[in-house]
Amino acid sequence: MILADKIINERKKLGLSQEDLADRLDVSRQSVSKWESAQSTPDLGRILKMSEIFGVSTDYLLKDEIEETHVTGELIEDSAASAGGSRRYVSLEEASDFLNKVEKTTPLTACGVSMCILSPVVLIAMAGFSALGFVPEAVAAGVGLITLFILIAVAVFIFIMNDRYLKPYEFLETDAIDTAYGVDGMVKEKKAAFERKHTLFIALGVVLCILSSLPLIIGSLIATTQKQENIIPLLVSVLLIIVATGVNLIIRAGGIMESYNKLLQEGDYNSEGKKASKAVGKIASIYWPVVVAGYLAWSFITMQWEMTWIVWPVAAVLFGAVAGITRASMK
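In this text, all values refer to a predicted model and were calculated from it rather than measured experimentally.

## Thoughts on the overall build of the protein
Here is step 1 of the chain: Within the protein, the regular secondary structure consists of 17 helices and two strands.
Here is step 2 of the chain: Expressed as a percentage of its 331 residues, the buried residues of the protein come to 39%.
Here is step 3 of the chain: A sequence separation of at least 24 residues applies to 76% of the contacts in the protein between residues at least 6 apart.
Here is step 4 of the chain: Entry remark: accessible area of the protein is about 17600 Å², with carbon and sulfur atoms responsible for 65%.

## Some thoughts on the packing of helix α7 (residues 92-118) against helix α14 (residues 232-264)
Here is step 1 of the chain: For the pair α7 and α14, the least separation of the axes is 8 Å and the interaxial angle reads 160°. Classified by the interaxial angle, the pair formed by α7 and α14 is roughly antiparallel. Relative to α14, α7 is oriented so that their crossing is right-handed.
Here is step 2 of the chain: When the residues that make up the contact of α7 with α14 are grouped by side-chain class, the tally is 19 nonpolar, six polar and three charged.

## Notes on the nonpolar core
Here is step 1 of the chain: By size, the foremost hydrophobic cluster in this structure holds 19 residues, and its most contacted members are V90, F98, L99, L172, V187, Y260 and L263.
Here is step 2 of the chain: Elements supplying a minimum of two residues to this core: α7, α10 (171-174), α11 (183-211) and α14.
Here is step 3 of the chain: In terms of residue count, the dominant contributor to this core is α14 (five residues).
Here is step 4 of the chain: Setting aside chain neighbours within four positions, we find F98 in contact with Y169, L172, S259, K262 and L263.
Here is step 5 of the chain: Core analysis: the next-biggest nonpolar cluster, separate from the first, contains 17 residues, L3, A22, V27 and M50 among them.

## Examining the packing of aromatic side chains
Here is step 1 of the chain: Going through the model one piece at a time under the given rule, you end up with four aromatic pairs.
Here is step 2 of the chain: Here the aromatic rings of F149 and F300 are separated by 6.3 Å at their centres, their planes lie at 15°, and the arrangement is stacked. Of this pair, F149 sits in helix α9 (residues 137-166) while F300 sits in helix α15 (residues 271-302), and the two are 151 residues apart along the sequence.
Here is step 3 of the chain: For F149, a relative accessible area of 37% gives the class partly exposed.
Here is step 4 of the chain: Residue classification places F300 among the partly exposed residues on the basis of a relative accessible area of 46%.
Here is step 5 of the chain: Judged by centre distance (5.3 Å) and plane angle (40°), the rings of Y287 and F319 are tilted. Taken together, the residues Y287 in helix α15 and F319 in helix α17 (residues 311-330) connect sequence positions 32 residues apart.

## Some points on helix α3 (residues 29-36)
For an α-helix the count is 3.6 residues per turn, leaving residues at separations of three or four pointing the same way.
Here is step 1 of the chain: For α3, every residue scored as buried is listed here: R29, V32, S33, W35 and E36. The arc that holds every buried residue of α3, seen down its axis, measures 160°, which confines them to one face.
Here is step 2 of the chain: Where α3 is buried, its residues touch α1 (3-13), α2 (18-25), α4 (44-54), α11 and α14.

## Here's the deal with the pattern of salt bridges
Here is step 1 of the chain: One pass over the structure, following the stated rule, counts seven salt bridges.
Here is step 2 of the chain: Salt-bridge contacts for E10 lead to K13; the nearest nitrogen and oxygen are separated by 3.4 Å. Here E10 pairs with K13, and both are found in helix α1, just three residues apart, close to one helical turn.
Here is step 3 of the chain: Between K101 and D97 there is a salt bridge whose closest N-O contact spans 3.5 Å. On the criterion of helical spacing, the pair formed by K101 and D97 is a turn pair, its members being four residues apart in helix α7.
Here is step 4 of the chain: For D97, a relative accessible area of 30% corresponds to the partly exposed category.

## Remarks on the confidence of the model for the protein
Here is step 1 of the chain: This prediction gives the protein a mean pLDDT of 81; 87% of its residues lie at or above 70.
Here is step 2 of the chain: Long-range and interchain partners of residues 68-85, a stretch whose pLDDT sits below 50, account for 32 contacts in this model, where long-range means more than four residues apart.

## Comments concerning a nonpolar patch on the surface
Here is step 1 of the chain: A contiguous nonpolar surface patch, about 820 Å² in accessible area, is contributed by V206, V207, I210, L211, L214, I217, I218, L221 and I222.
Here is step 2 of the chain: Taken together, the elements giving at least two residues each to the nonpolar patch come down to α11 and α12 (214-222).
Here is step 3 of the chain: Considering the arrangement of structural elements, one finds V207 in helix α11.

## Things to note about the packing of α7 against α11
To describe two helices that pack against each other, one gives the angle between their axes and the distance between the axes.
Here is step 1 of the chain: Where α7 meets α11, the axes come as close as 9 Å, and the angle between the chain directions of the two elements is 25°. The angle between α7 and α11 places the two elements in the roughly parallel class. The handedness of the crossing between α7 and α11 is right-handed. Across the interface between the two elements, L92, A95, S96, L99 and E103 from α7 touch V183, M186, V187 and K190 from α11.
Here is step 2 of the chain: Class assignment of the residues belonging to the contact of α7 with α11 gives a composition of six nonpolar, one polar and two charged.

## A look at the environment of T308
Here is step 1 of the chain: Position of T308 among the secondary structure elements: in helix α16 (residues 305-308).
Here is step 2 of the chain: Through-space distance from the C-alpha of T308 to that of G294 is 9.9 Å; in sequence the pair is 14 residues apart.
Here is step 3 of the chain: When neighbours within four sequence positions are excluded, T308 is seen to be in contact with Y295, W298, S299 and T302.

The rules we used
Residues numbered from 1 in each chain as written. Predicted model: local features only at pLDDT ≥ 70, side-chain atom pairs only at ≥ 80, totals over all residues. Heavy atoms only, no water. Helix = DSSP H or I, 4+ residues; strand = E, 2+ residues; numbered from the N terminus. Buried < 20%, exposed > 50% of the residue type's maximum accessible area, 1.4 Å probe, protein only. Contact = heavy atoms within 4.5 Å. Areas by Shrake-Rupley, 256 points an atom, 1.4 Å probe, with all protein chains shown as cover. Axes fitted to C-alpha atoms, helices over the stretch in contact; angles between N-to-C directions. Parallel < 35°, antiparallel > 145°, perpendicular 65-115°, else oblique. Left-handed = near helix turned anticlockwise from the far one by under 90°. Nonpolar A, V, L, I, M, F, W, Y, C, P; charged D, E, K, R; others polar. Core = buried A, V, L, I, M, F, W, Y, C linked by side-chain atoms within 4.5 Å. Phe/Tyr/Trp six-rings, centres within 6.5 Å; stacked < 30°, edge-to-face > 60°. Arc of directions from axis to C-beta. Salt bridge = Lys/Arg side-chain N within 4 Å of Asp/Glu carboxyl O. pLDDT = per-residue confidence, 0-100. Patch = residues over 30% accessible without salt bridge, like charges linked within 9 Å, V, L, I, M, F, W, Y side chains within 5 Å.

What follows is the structure, encoded as C-alpha cells:
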C-alpha cells in the first residue's frame, strides 16, 4: 500500500474522521483529504505525529512494502470516543450515483419552483385583458384559476418525485460521513469545473430578479389615464416571468454546487452546518404548511388571487431570515 492508503486505513481503524485527524495534526481537513487522495504528501513532522496517533512505526507509513501494523486497544478506545460515534461511509460508486441524480433532478426542481412563481401569471394577465374589455370577467377568472391550480399541482408532483428519488442520500445533509479513496479528488475536480458556470448563473439570476421591477415602474410612470392603468396587471405578469427565470437559474446552479459541498462536507454541510440544518428542517416542517394554509385561506376568502401571490416572496424572505438567525445562534 502507498502512504495515502495507509493513512485512510489507519484513520478508519481508529474511527476518526478527516476532521478529527486534522484537528490532532493541527492542519485543515482539506490537507488530510489531499494526503488521502495522493494529491500531496505530509511533511516529516506530520508523519511522526501520525505514527504516534496510529500506534505504528514511521517505516510502516513511509515504506510501501511494509504492510503490517499494530494499534493498541487503549488508543482505539480513546480515539473512537473522541470521534463522537459512528459515521456513514460513502463509496466512490455512491458518490457518483448521487451526483448524477442531482444533475437530473435539479433542473426539474428549478422548473417546479418557476411554475409556482408563474402560477398566478395567467390569472393576473386575464384580469388585465378583462379590464381592457377583451375577455369576459367570468371567463378570465375561470381560465386563470384553472391554470394556477394545474401549475401548482404539476410543481408539487415534481417535488414529491424528486424527493423520493434522492431520499437514499438524505443522510448527506445531516450525518457525518467518511468518503472512500478517490471521492474527494473526483468531487473537487467536478466542483472546480462547475465554478465558472455557477458564478454566471447566480449572477444572471440575481440581476434578473433586480431588474424584474422595471416593467412595473415604467408602466406606473406612463399610465396617465384609466385605460393605460389597466395594463398594469399585464406588466405584473411580465415581472413574475422575469423573476421565475432568475430564480430558475439560481436554483439550477445552487443545487448542483450544494451536492459537491455535501460530499466534501464544506460550507453549510460541515459538522456545525449539519446540526443547524436539522434545526432549520424542523422549523420548515411547521413554517411552510402554515404559509400554504394562510395563502389559500386569504385567497379563497377575498378571491383576490391577483394580489395574494405576494405571500410567496414575502414568506421566502422571512424564512431566509429565520434560517439565518437559527444558524447564527447555533454557531
